[in-house]
Amino acid sequence: MGGPLGNLRPHGPAGGEGEPQDPWAEPSYMLRNMQGKRFLDVSEAAGLRKLKKRSGRGAAFADIDNDGIPDVLVINKNDVPTLLRNDGGNRITG
């Protein structure tokens, strides 16, 4: 699903100091397909690095805000879901 998923923004709390960490938690990543030849890590540019580390276990794709662009809901182990809302412009917001 190329371009449309490159414009997501996180909704929900970012990680804080002193929070217990799941030993399986990892940073969120977003990779852009570069014409089927390689993947480019665009996690920092998309704003995903500000999210706390979580242990994602599944995802659902839908147009949550009815703007015609797919959004992503990530289900996390022992944590609240993470909503990544796609607002265009190659950024995710929260």
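Scroll up to find the structure this text is about.
Cut-offs applied
- Within every chain, residues take consecutive numbers counted from 1 along the sequence as written.
- Where totals are concerned, whole chains, interfaces and linings use all residues; where local detail is concerned, this predicted model gives features only for residues with pLDDT of at least 70, and gives and counts side-chain atom pairs only at 80 or more.
- As a rule here, side-chain values come from all non-hydrogen atoms in the structure, and water together with hydrogens is ignored.
- In this text, helices come from DSSP runs of H or I with a minimum length of four residues, and strands from runs of E with a minimum of two, each type numbered from the N-terminal end.
- Remark: exposure states derive from per-residue accessible area (1.4 Å probe, protein chains only) relative to the maximum for the residue type, with buried under 20%, exposed over 50%, and partly exposed in between.
- Residues count as neighbours in contact if any of their non-hydrogen atoms are within 4.5 Å of one another.
- Per-residue accessibility takes into account occlusion by the displayed protein chains alone, with areas from the Shrake-Rupley method and a 1.4 Å probe.

Okay, the overall build of the protein chain next. Along its length, the protein chain carries one helix and six strands. Listed N to C, the secondary structure of the protein chain is β-β-β-α-β-β-β in terms of helices and strands. Among the 94 residues that make up the protein chain, the fraction classed as buried is 28%. Sequence-distant contacts in the protein chain: of pairs separated by 6 or more residues, those separated by 24 or more amount to 53%. Summed over all atoms, the accessible surface of the protein chain reaches about 6100 Å², with 55% contributed by carbon and sulfur.

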